[in-house]
Amino acid sequence: DAAAVREHVARAWFNEAASLAELGRTADAINAYRGLVDEFNRDAAPAVERQIALALVNLGGQYANAGRRDDELKTYATVVEHFGNNAAPFARRQVAMAFHNRLHALRVTGRAEEWETTNAEFQRRFAKDRDPAIRWIVASARDDASLGQK
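We now turn to the structure provided with this report. These numbers come from a predicted model, not from an experiment. (Residues numbered from 1 in each chain as written. Predicted model: local features only at pLDDT ≥ 70, side-chain atom pairs only at ≥ 80, totals over all residues. Heavy atoms only, no water.)

### Focus on the environment of Glu-114
Cut-off, in case you're wondering: Strands are runs of DSSP state E lasting at least two residues, helices are runs of H or I lasting at least four, and both sets are numbered from the N terminus onward. Throughout, exposure labels follow a simple rule: accessible area from a 1.4 Å probe, protein chains only, divided by the maximum for the residue type, with under 20% read as buried, over 50% as exposed, and the rest as partly exposed. In what follows, residue pairs with any heavy atoms lying within 4.5 Å of each other are defined as contacts.
Residue placement: Glu-114 occurs in helix 6 (residues 112–126). Its relative accessible area of 31% is what places Glu-114 among the partly exposed residues. For Glu-114 and Gly-60, which are 54 residues apart along the polypeptide, the C-alpha to C-alpha distance reads 18 Å. Setting aside chain neighbours within four positions, we find Glu-114 in contact with Arg-102 and Leu-106.

Set out below in structure tokens:
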């Protein structure tokens, strides 16, 4: 069926992008993640949405590797905008990770005011979450913030 084919193609595309990233081919990984997002961003099938959410978070990381902090921050904002109201566990975890990574990028670029606003929203959404993966992300963000204060 067509949905299964789209899911398979999206997963394969994601795996290719992740492999390129692992090989240190940052520009190629950026292009692959971007292509996946552009091709499937309107697909509402949960399995495809999962690949889009993962691709966007990883795309942000590749932008960071390339020193493209503004693109990184915009990409994490896109994750929150696109998936922020999605109650599915995979979406909530990627939103939490996008917040975590955004907080790190804001901290290392010295954007204290924006960091404060973003952290308040992150804490409001996730500080009392019961999902163990999200609890780990919240703790990791707390550790990252405390390292930045030393």
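### Some points on the nonpolar core
Note the threshold: Within this scheme, the nonpolar core is defined by two criteria: the residues are buried Ala, Val, Leu, Ile, Met, Phe, Trp, Tyr or Cys, and they are joined through side-chain atoms within 4.5 Å.
By size, the foremost hydrophobic cluster in this structure holds 41 residues, and its most contacted members are Phe-83, Phe-122 and Phe-126. Those elements giving two or more residues to this core turn out to be helix 1 (2–22), helix 2 (26–40), helix 3 (46–65), helix 4 (69–83), helix 5 (89–108), helix 6 and helix 7 (132–149). The greatest single-element share of this core, amounting to nine residues, is contributed by helix 5. When sequence neighbours within four positions are dropped, the list of residues in contact with Phe-83 reads Glu-49, Ile-52, Ala-53, Leu-56, Ala-91 and Val-95.

### Quick word on helix 4
The condition that has to hold: Helix span is expected to be 1.5 Å times the residue number reduced by one. Think of it as the arc spanned by the lines of direction from the helix axis to the C-beta atoms.
Its 15 residues place the ends of helix 4 21 Å apart at the C-alpha level, agreeing with the 21 Å of an ideal helix rising 1.5 Å per residue. Among the residues making up helix 4, those that are buried are Glu-72, Leu-73, Thr-75, Tyr-76, Val-79, Val-80 and Phe-83. Projection of helix 4 onto a plane perpendicular to its axis shows the buried side chains occupying an angular sector of 160°, all on one side. Opposite its buried face, helix 4 presents the exposed residues Lys-74 and Glu-81, each directed more than 90 degrees away. Elements that come into contact with the buried residues of helix 4 comprise helix 3, helix 5 and helix 6.

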